[in-house]
Amino acid sequence: MNVDVAPLLKFFSLTFVVAWTCYIVAGALPVETGALRGALFLLGTISPSLVAIALTERAEGRPGTIAFLRGLFEKRVDPRWYLFAAFYMVAIKLTVALIHRAATGAWPRFGVEPWYIMVMAVVISTLVQAGEEIGWRGYALPRLTARMGLARASLLLGVIWASWHLPFFFIPAADTLGQSFPVYLLQVTALSVIVAWVFWRTQNLLPAMLLHAAVNNTKDIVPSAAAPASVLALGNSAVAWLTLALLWITASWLLGRMRAQGWGPGYPSIL
């Protein structure tokens with residue numbers, strides 16, 4: 001299938017320009033401008049979906065935009081997908097803790113966030129993730145898939161998605177300051193495959209949003225972060241590398257399933 005790449009190039013270019021401008025300006029502002037900094041960070045965070053909606057509106061008008069958004073949420077989903085989305089990262093992190101214990105004789109450091117705070121954060125964050133997921137999975141992934149197949153599209157989108165977060169590795173207020181970007185890049189690319197699989201199997205964006213929110217808010221059950229060092233270093237956190245290994249075991253199996261299902265270039269998408 002010959003897919004026009006111009007909308008994708010516009011989407012990625014505008015998303016990076018808007019988001020990075022917001023992040024860099026917000027990071028440079030003094031702490032006293034808290035409300036303005038917060039607004040800029042929020043605008044940057046939801047820029048993928050704002051750009052996707054704007055491009056759809058310009059190309060297809062209001063009816064096309066309404067149809068695009070409605071199509072992302074209208075299909076009914078088996079509840080088991082929501083359970084997977086909510087507890088996948090919890091299972092990964094608890095498995096990491098068990099492997100660490102078996103290999104070293106000591107438990108890794110556990111997070112101190114109460115479970116009920118995590119639950120509330122996941123619920124609230126799921127709605128916020130529409131600001132990213134309408135853009136990444138709702139707009140970009142089907143177009144990339146139509147051109148190169150779901151497996152390669154999910155990998156490429158993962159690299160782009162991770163790179164979009166790069167300014168946060170240099171902003172003092174961010175929890176990724178001084179962390180290893182190469183490790184983060186590999187982890188997010190694996191997660192991109194998993195989120196793509198959930199979205200494609202359910203044809204509904206809500207489980208993908210829930211998975212994204214759950215990853216963000218339960219990953220510190222067993223924290224991966226090491227002492228701040230060089231952003232380009234490979235990192236020295238055993239937990240991070242164990243997490244990476246488990247994520248890629250899942251992602252590799254799903255990539256094989258994508259190819260086995262014949263989800264290659266030109267496969268009918270949910271667009």
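Use the structure listed above.
Presented here is a report on the structure given in the accompanying data block. (Residues numbered from 1 in each chain as written. Predicted model: local features only at pLDDT ≥ 70, side-chain atom pairs only at ≥ 80, totals over all residues. Heavy atoms only, no water.)

## With respect to the overall build of the chain
Right, on to step 1. Secondary structure assignment for the chain yields 10 helices and zero strands.
Right, on to step 2. Of the regular secondary structure in the chain, the N- to C-terminal order runs α-α-α-α-α-α-α-α-α-α.
Right, on to step 3. For a compact globule of 271 residues, the expected C-alpha radius of gyration is about 18 Å, and the chain comes in at 19 Å, within 12% of that figure.
Right, on to step 4. Projected onto its principal axes, the C-alpha positions of the chain cover 55 × 50 × 35 Å.
Right, on to step 5. Buried positions account for 47% of the 271 residues belonging to the chain.
Right, on to step 6. Expressed as a percentage of contacts within the chain between residues at least 6 apart in sequence, the contacts between residues at least 24 apart total 79%.
Right, on to step 7. For the chain, the accessible area works out to roughly 13,300 Å², and carbon and sulfur atoms hold 69% of it. (Helix = DSSP H or I, 4+ residues; strand = E, 2+ residues; numbered from the N terminus. Rg over C-alpha atoms; globule rule 2.2 N^0.38 Å. Buried < 20%, exposed > 50% of the residue type's maximum accessible area, 1.4 Å probe, protein only. Contact = heavy atoms within 4.5 Å. Areas by Shrake-Rupley, 256 points an atom, 1.4 Å probe, with all protein chains shown as cover.)

## Some words on the pattern of salt bridges
If the charged atoms of two oppositely charged side chains come close together, the side chains can form a pair.
Right, on to step 1. What the rule picks out here adds up to four salt bridges.
Right, on to step 2. The salt bridge partner of Arg 137 is Glu 133, with a shortest N-O separation of 2.7 Å. Of this pair, Arg 137 and Glu 133 are both found in helix H6 (residues 130-148), four residues apart, which corresponds to roughly one turn of the helix.
Right, on to step 3. Residue class for Arg 137 comes out buried when judged on its relative accessible area of 0%. (Salt bridge = Lys/Arg side-chain N within 4 Å of Asp/Glu carboxyl O.)

## Structural notes on the nonpolar core
Right, on to step 1. With 75 residues, the main nonpolar core has Phe 11, Phe 12, Trp 136, Leu 141, Leu 211 and Leu 247 as its most contacted residues.
Right, on to step 2. Here this core gets 13 residues from one element, more than from any other, and that element is helix H8 (residues 181-202). (Core = buried A, V, L, I, M, F, W, Y, C linked by side-chain atoms within 4.5 Å.)

## With respect to the packing of H6 against helix H7 (residues 150-164)
The angle between the axes and the distance between the axes are what describe a pair of packed helices.
Right, on to step 1. With their axes 8 Å apart at the nearest point, H6 and H7 run at an angle of 140° to one another. Considered as vectors, H6 and H7 are oriented oblique to each other. As H6 runs across H7, the sense of the crossing is right-handed. Facing Glu 132, Glu 133, Trp 136, Arg 137, Ala 140, Leu 141, Leu 144, Thr 145 and Met 148 of H6, the residues of H7 in contact are Leu 150, Arg 152, Ala 153, Ser 154, Leu 156, Leu 157, Ile 160, Trp 161 and Trp 164.
Right, on to step 2. Looking at the contact of H6 with H7 residue by residue, the classes come out as 12 nonpolar, two polar and four charged. (Axes fitted to C-alpha atoms, helices over the stretch in contact; angles between N-to-C directions. Parallel < 35°, antiparallel > 145°, perpendicular 65-115°, else oblique. Left-handed = near helix turned anticlockwise from the far one by under 90°. Nonpolar A, V, L, I, M, F, W, Y, C, P; charged D, E, K, R; others polar.)

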